[in-house]
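A look at the structure
One letter stands for each residue in the lines below.
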Amino acid sequence: MRPLLLLAAVTGSPRLLAAAPRTGAAPVRVPLDSLSGAGGTAPAPDRPSSRTRLRAWAELLRVSALFTVPGDALAGAAATGRRPGRGTALAMGASLCLYEAGMALNDWADREEDAVDRPHRPIPSGRVAPGAALAAAGALTAAGLALAARAGRPALAVASGLAATVWAYDLRLKHTRLGPAAMASARALDLLLGATATAGAAPAGPGLAGTHPPSAALPAALALGAHTYAVTAVSRHEVQGGSTAAPLAALAGVAGLGAAALRGRPAHGEPSPAPATGTLLLPAFVAPYLRTAAVPLLHAALNPSPPLTRRAVGGGIRAMIPLQATLAARAGSPLVGLAAMGLVPLARALSRKVSPT
């Protein structure tokens, strides 16, 4: 077989076959579709299915951590001595939107860093476009502020401070020494948003017996902020590991919060708990808080590897729910605490499918 005909037979080129001199032996043709797909063109990559795209956005927004958010508004409402109502629901909606805005913005801001340390994350893996994540952060922030505005101007003011803190943390403060303090401030403001929205949406008129101004939620907000500070300090080592001091300090902080919650008298300015049910349920709320947060922190302190550090961070995030229930019970609303605890199984189940960190 001549060289030109041999090349035509191997490549399957119609032009070469036509140009090749004819011989007695028929040339061997290789079908074009066997090399490059039907029609001679490379098959187009399949578009991601709806389920795949939904999974990518669930990872980006860390939906398993969403169940830790409603308890902020519930604990804030309990601190005012009022039952959760319309204002509380608006605060929950605003908090959920602002929390998810922070998650989307966090991954957008960290996209270059994640390309090295976490290439499996939705943005560096190409499953979510950076522009889409940034647009989602902006839209969710606007939605959160709109919901807060419906609860009154004071609630909108608190929500605006919360949104500013979230954006400052993700874009500037995260990798500075102020990072844990900024995250703690965001959680504290979220609880105060629940208190402010609940009080602001209450009927106008003289104060009801047993009710308190939103400022009464400050002790609970500081407690939640202290827990958040400790967890955030540990999370700064979840990629590389190697820190024993951070988990130990967080463990001490968690133990201190648990002991303070079990004290007989509330802190100065904190509403007195119900003498019977509130006091009886406190150990039932504090125990899962300590178990969920303290045990993984102890393991991370003994072996500060990245997997155990990440597990400690995840436990600290989920432990916010029993902490919120504890704060509600101490404020005299044990039933609100029980309602918050109902979110624990959902958070645990979803965290097995989508990581909260």
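Residues numbered from 1 in each chain as written. Predicted model: local features only at pLDDT ≥ 70, side-chain atom pairs only at ≥ 80, totals over all residues. Heavy atoms only, no water.

Counting residues in each nonpolar core, the largest one holds 51 residues, and the members touching the most others are Leu191, Leu193, Tyr289, Leu297 and Leu327. Dropping the residues within four chain positions of it, tyrosine 289 is found in contact with His227, Val254, Leu257, Gly258, Ala294, Ala319, Pro322 and Leu323. Core analysis: the next-biggest nonpolar cluster, separate from the first, contains 15 residues, Ala325, Met341, Val344 and Ala347 among them. (Core = buried A, V, L, I, M, F, W, Y, C linked by side-chain atoms within 4.5 Å. Buried < 20%, exposed > 50% of the residue type's maximum accessible area, 1.4 Å probe, protein only. Contact = heavy atoms within 4.5 Å.)

Helical periodicity: at 3.6 residues per turn, an α-helix aligns residues three or four positions apart in one direction. Across its 17 residues, helix 12 (residues 245–261) extends 24 Å between first and last C-alpha, which sits within 8% of the 24 Å expected from 1.5 Å per residue. What helix 12 keeps buried is the set Ala246, Pro247, Ala250, Leu251, Val254, Leu257, Gly258 and Ala261. One face of helix 12 carries all of its buried residues, which in axial projection span an arc of 135°. Facing away from the buried side of helix 12 by over 90 degrees, the exposed positions are Ala245, Ala249 and Ala252. (Helix = DSSP H or I, 4+ residues; strand = E, 2+ residues; numbered from the N terminus. Expected span 1.5 Å × (residues − 1). Arc of directions from axis to C-beta.)

Glancing now at the packing of helix 5 (residues 70–79) against helix 10 (residues 179–200). Where helix 5 meets helix 10, the closest approach of the two axes is 7 Å, and the angle between their N-to-C directions is 55°. Looking at the two axes, helix 5 sits oblique to helix 10. Between helix 5 and helix 10 lies a crossing of right-handed hand. On the side of helix 5, the interface is formed by Asp72, Ala73, Ala75, Gly76 and Ala77, while helix 10 contributes Arg187, Asp190, Leu191, Gly194, Ala195 and Thr198. Looking at the contact of helix 5 with helix 10 residue by residue, the class counts come to 5 nonpolar, 3 polar and 3 charged. (Axes fitted to C-alpha atoms, helices over the stretch in contact; angles between N-to-C directions. Parallel < 35°, antiparallel > 145°, perpendicular 65-115°, else oblique. Left-handed = near helix turned anticlockwise from the far one by under 90°. Nonpolar A, V, L, I, M, F, W, Y, C, P; charged D, E, K, R; others polar.)

The subject of this paragraph is the pattern of salt bridges. Between side chains of opposite charge, a pair can form when the charged atoms approach closely. For the structure on display, the rule yields 7 salt bridges. The residue arginine 127 makes a salt bridge to glutamate 59 at a minimum N-O spacing of 2.9 Å. One end of the pair, arginine 127, is in the loop between helix 7 (111–117) and helix 8 (130–149); the other, glutamate 59, is in helix 4 (residues 50–61), with 68 residues separating them in the sequence. Residue classification places arginine 127 among the partly exposed positions, given a relative accessible area of 31%. Judged by its relative accessible area of 13%, glutamate 59 falls in the buried class. A salt bridge links aspartate 107 to arginine 62, with the nearest nitrogen and oxygen atoms 3.0 Å apart. Residue aspartate 107 is found in helix 6 (residues 86–109), and its partner arginine 62 is found in the loop between helix 4 and helix 5; the two are separated by 45 residues along the sequence. Neither aspartate 107 nor arginine 62 differs from the other in exposure class; each is buried. (Salt bridge = Lys/Arg side-chain N within 4 Å of Asp/Glu carboxyl O.)

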